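In case you want the letters, here they are:
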Amino acid sequence: MSYTLTTPLYYVNDRAHLGSTYTTLACDAIARHRRLRGERVTFITGCDEHGQKIQRTAEAAGLSPQAHCDAVSEGYRELWSRWQISHDRFIRTTDPRHRELVEQFFARVEAAGDVLEGRQQGWYCVACEEFKDDPHEAQDPECSVHRRPLEWRDEVNLFFRLSRYQGQIEDLIRRPGFIAPASRRREVENFVAQGLRDFSISRVDLPWGIPVPGHPGHTFYVWFDALLGYLTALVDPDGPVDLEQVLKRGWPAQLHVIGKDILRFHAVYWPAMLLSAGLPLPERVFGHGFLTREGQKMGKSLGNVLDPVVLLERCGRDAVRWYLLRDIPFGDDGDFQQQRFTDLVNNDLANTIGNLLNRTSSMARKWYDAAVPPAGDAALADHPLAVASLEAAEAVNGALEALDFRAAAEAVLQLAGAANGYLNDRAPWKAMKQPGQEAAVAADLYAVLEASRWLAVLLAPLLPELSGRMLQQLGLEPFASGGPTDAPAGAWPDAQRWGLLRSGSPLPEPEPVMQRLELDSAL
RNA sequence: GGCUCGGUAGCUCAGCUGGUUAGAGCGUGGGAUUCAUAACCCCAAGGUCGGGAGUUCAAGUCUCCCCCGAGCCA
């Protein structure tokens, strides 16, 4: 089984922000889950680097466009590395290989008769890189999105014959699961129902772009070139560029994760382009929501931008991943609230899960020679915690399959709650003071340690690092989920069996696996 | 202005095709406990389900209008 998923190719107009970090973290969790299940994953991310907006941003900074792109895309690379994102490919649309692929793709589209020449006249927003439908006679119109003046353009452009694919696109978006979450589908359906219009795929007098072969003076419209980055990413990094090759390297993608604002491009334009070029279509496009902060939009003008680097340094990867994945329904908009962030991280991770392992391991070490106690009856499959563990595993696997991180996290917490409750009911610290209770206490502690092992197993896709620390605390090896080479196929599913923790195996001295957050000042 | 999605306890959200006293977690208050990261466990208070009208024996759940938020298209 092979699974290809993508983040958007981030536009290098500005540095990475919390939104792109959120998207990328979510994709990372999906990629890790698939790898743990033994699938061959190709996780693609990268940068979209062409367009007039980039050119002007670079000029404003006194840099060449290339230097600007190099700097910003390097910033992304570095950020993903700090977050330990497990992407397999990082594609830049300024990569010379990308240009070759775009040329090959365009040749197919042109051969299919889908490239038309047309005159485009109207008001243009450089920030959107789009023509607006404002009337010709409008006086100093501005872009409703960017509140910046529009520029008058009158040029001959190349158009992609989108109208030809009306029927096929209608069929596609009707397909259950193609547009996710399902609540986003109708919006696209209505858009398509209005009738698809050919859209322009080239610009004239725009040096910072890929030249259109056979059409001097034209460069490709950024979106046309950017979407193709998903294909370039799959081309063999060392061999010659061959479009046909992507079919053997993971295309079609199983999943494009994007922000809800660019759903139309991915669910309508992109599939039509692929149809024209005779390539198969992606299986699913998931449009997630946006993040606000303390109820307000984040923005430079408000000065409330949350820098992912600061967040990482002050709080750590596990905490941020947990908060974003566990508290924000994937697909909906979410609000980053510092108080809630600290509350959830401390409660769930430090207290409920971390402390459970800590208290149990400490008792086991104290009374059973610093080792996993004899299991006794606790090894049986009908032990209450065995049942609870199995249920949690089913819930986690199902939820992750459905991209419902929140439900997965809740299932983990439920198991942790059950284990804490069990411990309190059985009160081994009391029983231990009675004579003849050693075997019963041993079984209870074994059961809770084993349940803790399950917690670590189930957390592996969501919080690989915490999972690893927990396993080490139990004297076990962490799961590798970060790359194609280091995942022994089946190790993770195999770990989902009750009673694998071996009695008598040594337990290291307990150390808190999760530090509580103490955030006195604002981030 | 049009389309789409959302507006349920202080906070984040569940509530399937309308039907007993509207649920969970966090936060708050109280109790119990000491194995543990002032952790864990138990209990409680808190909501006229954005507003208004309507359909129905019965509406958070259906219809219409309005208000607020988000995205898309104008």
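Per-chain numbering applies: the sequence of each chain, read as written, is numbered from 1 onward. The naming scheme follows written order: chains are lettered A onward, ligands numbered 1 onward. Only residues with pLDDT of at least 70 get local features here, since the model is predicted, and only at 80 or more are side-chain atom pairs given and counted; chain-wide, interface and lining totals rely on the full set of residues. Side-chain metrics in this entry use all non-hydrogen atoms of the structure; hydrogen atoms and water are not considered.

Caption draft 1: Focus on the pattern of salt bridges. The term salt bridge refers to a side-chain nitrogen of Lys or Arg lying within 4 Å of a carboxyl oxygen of Asp or Glu. If you walk through the whole model with that rule in mind, you get 30 salt bridges. The salt bridge partner of Arg 321 is Asp 28, with a shortest N-O separation of 2.7 Å. With Arg 321 in helix 11 (residues 317–327) and Asp 28 in helix 1 (residues 18–36), the pair connects residues that are 293 residues apart, well separated along the chain. One exposure class covers both Arg 321 and Asp 28, and it is buried. Residues Arg 326 and Asp 348 are paired through a salt bridge, measuring 2.5 Å at the closest nitrogen-oxygen approach. Of this pair, Arg 326 sits in helix 11 while Asp 348 sits in helix 12 (residues 338–367), and the two are 22 residues apart along the sequence. A single salt-bridge network, built from bridges that share partners, covers Arg 34, Arg 37, Glu 39 and Glu 401. Helical segments are the DSSP runs of H or I of at least four residues, strand segments are the runs of E of at least two, and each set is numbered from the N terminus. The buried label applies to any residue whose accessible area, calculated with a 1.4 Å probe on protein chains only, is under 20% of its type's maximum; exposed applies above 50%, and partly exposed to all values in between.

Caption draft 2: Representation of the packing of aromatic side chains in the model. Ring geometry is summarised as follows: Phe, Tyr and Trp rings, the Trp one being its six-membered ring, pair when their centres sit within 6.5 Å, and such pairs are stacked at plane angles under 30 degrees, edge-to-face over 60 and tilted between the two. A complete count under the given rule lists 19 aromatic pairs for this structure. Considering the side-chain rings of Phe 220 and Phe 224, the 5.1 Å spacing of their centres and the 15 degrees angle between planes classify their relative orientation as stacked. Residue Phe 220 is classed as buried on the basis of its relative accessible area of 2%. Residues Phe 265 and Tyr 269 carry aromatic rings whose centres are separated by 5.3 Å and whose planes lie at 85 degrees to one another, so their mutual orientation is edge-to-face. Separated by 4 residues within a single helix, Phe 265 and Tyr 269 lie in helix 9 (residues 263–276), roughly one turn from each other.

Caption draft 3: Looking closely at the side chain of Asp 225. With respect to the helices and strands, the residue Asp 225 is situated in helix 7 (residues 222–227). Residues scored as positive are Lys and Arg, those scored as negative are Asp and Glu, and His as well as the terminal groups of each chain are ignored. It turns out Asp 225 is buried and unbridged, and the closest side chain with the opposite charge, Arg 99, is 10 Å from it. Engagement of the side chain of Asp 225 in a polar contact is seen with the side chain of His 98, the distance being 2.7 Å. Whether two residues are in contact is decided by their heavy atoms: any pair within 4.5 Å suffices. For Asp 225, the contacting residues outside a window of four places in its chain are His 50, Thr 93, His 98, Ile 210 and Phe 220. We define a polar contact as two N or O atoms separated by no more than 3.5 Å, with the added condition that, inside protein, one atom must be a possible hydrogen donor and the other a possible acceptor, whereas residues neighbouring each other in sequence contribute only through side-chain atom pairs.

Caption draft 4: Region of interest: the protein's contact with RNA strand B. Near residues are defined by distance, with any heavy atom within 4 Å of the molecule or strand qualifying the residue. For RNA strand B, the set of nearby residues contains 38 residues, the closest of which are Asn 190, Lys 260, Arg 264, Asn 355 and Arg 359. By atom count, sugar and phosphate contribute 80% of the portion of RNA strand B lying within 4 Å of the protein. Between Arg 340 and RNA strand B, the recorded distance is 3.0 Å, taken from a side-chain N or O atom to a base nitrogen. Here Asn 358 contributes a side-chain N or O atom positioned 3.1 Å from a sugar or linking oxygen of RNA strand B. Elements with a minimum of two residues in the surface near RNA strand B: helix 6 (185–193), helix 11, helix 12 and helix 14 (405–426). Per element, the largest residue contribution to the surface near RNA strand B is 12 residues, and it comes from helix 12. Residue polarity is assigned by list, with Asp, Glu, Lys and Arg as charged and Ala, Val, Leu, Ile, Met, Phe, Trp, Tyr, Cys and Pro as nonpolar; anything else, Gly included, falls into the polar class. Class assignment for the residues of the surface near RNA strand B results in 8 nonpolar, 13 polar and 17 charged.

Caption draft 5: Structural context of the sheet that holds strand 8 (residues 199–200). Strand pairing is assigned whenever DSSP detects at least two bridges linking the two strands. Strand order in the open sheet made by the 4 strands is 5-4-6-8, with antiparallel pairing throughout. What marks the edges here is a single partner per strand, and that holds for strand 5 (130–132) and strand 8. Only C-alpha atoms enter the line fits that serve as axes; for helices the fit covers just the stretch in contact. Angles between N-to-C directions range over 0 to 180 degrees. Against the sheet, helix 9 contacts strand 5, strand 6 (151–160) and strand 8, and its axis sits at roughly 45 degrees relative to strand 6.

Caption draft 6: The arrangement of the packing of helix 4 (residues 96–111) against helix 9 in detail. Running from N to C, helix 4 and helix 9 point in directions that differ by 75 degrees, and their axes come no closer than 8 Å. By the angle between their directions, the pair helix 4 and helix 9 is classed as roughly perpendicular. Each of Phe 105, Arg 108 and Val 109 in helix 4 lies in contact with helix 9, whose residues at this interface are Met 273, Leu 274 and Ser 276. Split by residue class, the contact of helix 4 with helix 9 holds 4 nonpolar, 1 polar and 1 charged. We call two directions roughly parallel when the angle between them is under 35 degrees, roughly antiparallel when it is over 145, roughly perpendicular when it lies between 65 and 115, and oblique otherwise.

Caption draft 7: Region of the structure containing the packing of helix 12 against helix 16 (residues 438–459). Remark: helix 12 packs on helix 16, axes separated minimally by 10 Å, with the N-to-C direction vectors making an angle of 145 degrees. Like other packed secondary-structure pairs, helix 12 and helix 16 cross with a definite hand, here left-handed. Contact with helix 12, carried on its side by Ile 353, Leu 356, Leu 357, Thr 360, Ser 361, Met 363, Ala 364 and Trp 367, involves Val 441, Leu 445, Val 448, Leu 449, Ser 452, Leu 455 and Leu 459 of helix 16 and no other residues of that element. Here is the rule for handedness: rotate from the far helix to the near one, and if that takes an anticlockwise turn smaller than a right angle the crossing is left-handed, while a clockwise turn gives right-handed.

Caption draft 8: Molecular detail of the environment of Met 1. Along the polypeptide, Met 1 turns up in the segment before strand 1 (2–11). Exposure remark for Met 1: the relative accessible area of 76% places this residue in the exposed category. Sequence separation between Met 1 and Arg 37 is 36 residues; the distance between their C-alpha atoms is 9.9 Å. Each residue touching Met 1, except ones within four places of it in the same chain, is listed here: Glu 39 and Arg 40.

Caption draft 9: Representation of the environment of Asn 420. You can see Asn 420 is positioned in helix 14. On the basis of relative accessibility, which here comes to 15%, the residue Asn 420 falls in the buried class. Each C-alpha atom of the pair Asn 420 and Ser 389 lies 13 Å from the other, and the pair is 31 residues apart in sequence. For Asn 420, the residues in contact, after removing those within four places along its chain, are Thr 352, Leu 356 and Arg 359. Reaching out from Asn 420, the side chain makes a polar contact with the backbone oxygen of Thr 352 at a distance of 3.0 Å.

Caption draft 10: Molecular detail of the sheet that holds strand 1. One open sheet accounts for 6 strands, arranged 3-2-1-11-12-7; its pairing is parallel. Here the strands that pair on one side only, and so sit at the sheet edges, are strand 3 (89–92) and strand 7 (179–180). Here 4 bridges tie strand 2 (residues 40–48) to strand 3, and the two strands are oriented parallel to one another. Opposite Thr 45, over in strand 3, you have Phe 90 as the bridge partner.

Caption draft 11: Looking closely at helix 14. What a helix is expected to span follows from its residue count: subtract one and scale by 1.5 Å. For helix 14, spanning 22 residues, the distance from its first C-alpha to its last is 32 Å, which sits close to the expected 32 Å at 1.5 Å a residue. Taken residue by residue, helix 14 has Phe 405, Ala 408, Ala 409, Ala 411, Val 412, Leu 413, Leu 415, Ala 416, Ala 419, Asn 420, Tyr 422 and Leu 423 as its buried positions. On its buried face, helix 14 sits against helix 1, helix 11, helix 12, helix 13 (384–401), helix 15 (428–431) and helix 16. Trailing helix 14 by a residue or two, Ala 427 shows a phi angle of about 40 degrees, which is positive.

Caption draft 12: Local environment of the confidence of the model for chain A. Confidence along chain A averages 93 in pLDDT terms, with 97% of residues attaining 70 or more. The predictor attaches a confidence to each residue, and that confidence, scored 0 to 100, is pLDDT. Element-level pLDDT for chain A is lowest in strand 5, with a mean of 76, against a maximum mean of 98 in helix 8 (residues 229–232). Listed scores for the predicted complex are pTM 0.95 and ipTM 0.93.

Caption draft 13: Quick peek at the side chain of Asp 114. Position of Asp 114 among the secondary structure elements: in the loop between helix 4 and strand 4 (115–125). On the basis of relative accessible area, Asp 114 is assigned to the buried category, the value being 0%. A polar contact of 2.6 Å, which involves the side chain of Asp 114, links it to the side chain of Arg 164. Polar contacts involving the side chain of Asp 114 include one to the side chain of Ser 276, which spans 2.6 Å. Setting aside anything within four residues of it in sequence, one finds Asp 114 in contact with Val 109, Phe 159, Phe 160, Arg 161, Arg 164, Tyr 165 and Ser 276.

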